[in-house]
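# Understanding the architecture of this molecule
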Amino acid sequence: MPRLATMSRDLVDLHRLRFPVPIICLCAALWGASFAAGSIRDLFAPPVLMAIVANVLLVVAPLALNSAVDVATDRRDHGKRGLVSAVERLGGVHAIRWPAVEMLCATLLAIVVSVWTSRWLIIGIAFLIIAAQILYNLEPARLKRRGVLGTIVFGLATALLPCLLSYQAVRADVGVSAWLVFSGLTAMTIGRNALWSVPDRAADLATGMRTSAVRYGVPVTVLWTSILMLVGNLLLGFGLWSRYGLVASLAGSSAYLAFLGIAVIPYCLSRRPLDSVQLAERALPLVAVGDTLLVVIPLCSR
């Protein structure tokens with residue numbers, strides 16, 4: 001039993017599922033279906049439930065894959081020692097097998113949903129997500145070390161494509177307001193991913209991981225990610241306003257603005273960015289709040 005408990009904790013760490021990451025992952029899996037659904041009952045239709053589960057796997061599995069292949073870099077980050085220990089206890093091969101099996105299960109679920117709904121775009125999107133995450137995390141492409149290109153691929157694979165996958169499980173036509181919301185979420189995801197390279201810069205630099213902060217420097221990275229997240233917030237707010245009204249727009253976008261303020265203002269004032277632990281503890285819960293509101297707002301506005 002102690003061994004099983006240790007393994008369970010290691011798997012949680014491998015998938016980075018400490019609060020509030022599970023909430024963020026679940027919301028990313030639900031967004032598309034939430035915006036497409038005519039009522040909450042639509043979310044419990046079998047193909048929609050299967051698409052949501054597939055989405056959860058496609059969002060969570062790459063986190064584990066990244067943990068498994070980034071041990072050399074993460075070992076240099078004091079805030080990730082628990083993660084490194086978990087990967088080492090599981091073993092490198094076993095750590096990679098978990099996301100591989102999860103992606104396979106997600107693919108099988110996407111195939112079933114595509115056959116059930118006769119919408120073959122769903123399995124195509126699932127394949128695109130898997131391909132993008134493999135290119136982002138694994139050699140020889142390893143897009144994570146290629147600056148802006150890597151962050152764009154990451155944003156598409158964790159925001160836009162999962163939104164479209166679960167949306168397609170409910171209905172095929174994607175309206176303009178949904179495109180605006182999904183585009184805004186993707187832009188903010190790209191910005192947050194690049195911003196996270198700032199506290200990781202020293203470890204990335206030491207191991208040759210040429211992320212945005214390494215390639216362009218901290219000031220430039222903070223500037224362009226802040227602008228991109230503001231643009232994404234505007235797209236999100238306009239999409240919500242056009243479909244649900246001003247109150248929904250303000251409610252849906254305010255938490256993300258608060259995240260931007262907490263993450264960026266300390267650097268503007270002191271030229272010292274928050275470290276990864278501070279970002280996770282102080283700023284990331286606000287992302288979880290914003291993500292949750294974007295699931296709830298469409299379902300409560302029918």
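If you're wondering where the values come from, they're calculated on a predicted model, not measured in any experiment.

Conventions adopted
- Residues numbered from 1 in each chain as written.
- Predicted model: local features only at pLDDT ≥ 70, side-chain atom pairs only at ≥ 80, totals over all residues.
- Heavy atoms only, no water.
- Axes fitted to C-alpha atoms, helices over the stretch in contact; angles between N-to-C directions.
- Helix = DSSP H or I, 4+ residues; strand = E, 2+ residues; numbered from the N terminus.
- Parallel < 35°, antiparallel > 145°, perpendicular 65-115°, else oblique.
- Left-handed = near helix turned anticlockwise from the far one by under 90°.
- Contact = heavy atoms within 4.5 Å.
- Nonpolar A, V, L, I, M, F, W, Y, C, P; charged D, E, K, R; others polar.
- Salt bridge = Lys/Arg side-chain N within 4 Å of Asp/Glu carboxyl O.
- Core = buried A, V, L, I, M, F, W, Y, C linked by side-chain atoms within 4.5 Å.
- Buried < 20%, exposed > 50% of the residue type's maximum accessible area, 1.4 Å probe, protein only.

Another aspect to go through is the packing of helix α9 (residues 176-195) against helix α13 (residues 246-270). Following both chains from N to C, one finds α9 and α13 inclined at 15 degrees, their axes separated by 12 Å at the closest point. In terms of axis orientation, α9 runs roughly parallel to α13. Between α9 and α13 lies a crossing whose hand is left-handed. In contact with Leu-185, Met-188, Arg-192 and Leu-195 of α9, α13 contributes Tyr-256, Phe-259, Ala-263 and Val-264. Of the residues assigned to the contact of α9 with α13, the class counts are seven nonpolar, no polar and one charged.

A few words on the pattern of salt bridges. This structure, assessed with the given rule, holds 10 salt bridges. Two residues, Asp-200 and Lys-80, come together in a salt bridge whose shortest N-O distance is 3.2 Å. With Asp-200 in the loop between α9 and α10 (201-206) and Lys-80 in the loop between α4 (71-74) and α5 (81-90), this pair connects stretches of sequence that are 120 residues apart. The salt bridge partner of Asp-173 is Arg-171, with a shortest N-O separation of 2.9 Å. Because the salt bridges share partners, they merge into one network encompassing Arg-16, Asp-74, Lys-80 and Asp-200.

Residues Trp-31, Leu-165, Phe-182, Leu-195 and Tyr-256 are the most contacted members of the largest nonpolar core, which totals 71 residues. Broken down by element, the residue count for this core peaks at 11 residues, all from helix α2 (residues 21-36). Excluding anything up to four places from it in sequence, Tyr-256 contacts Trp-31, Leu-185, Met-188, Arg-192, Asn-233, Leu-236, Val-287, Gly-290, Asp-291 and Leu-294.

Let's shift gears to unusual backbone geometry. Glycine aside, residues mostly have negative phi angles, and peptide bonds mostly take the trans form. Between Phe-19 and Pro-20 the backbone carries a cis peptide bond, its omega angle lying at 5 degrees. Here Pro-20 is to be found in the loop between α1 (2-14) and α2. Cis peptide bonds are those with omega within 30 degrees of zero, and the linkage from Glu-139 to Pro-140 qualifies with 10 degrees. Relative to the helices and strands, Pro-140 resides in the loop between α7 (121-137) and α8 (148-170).

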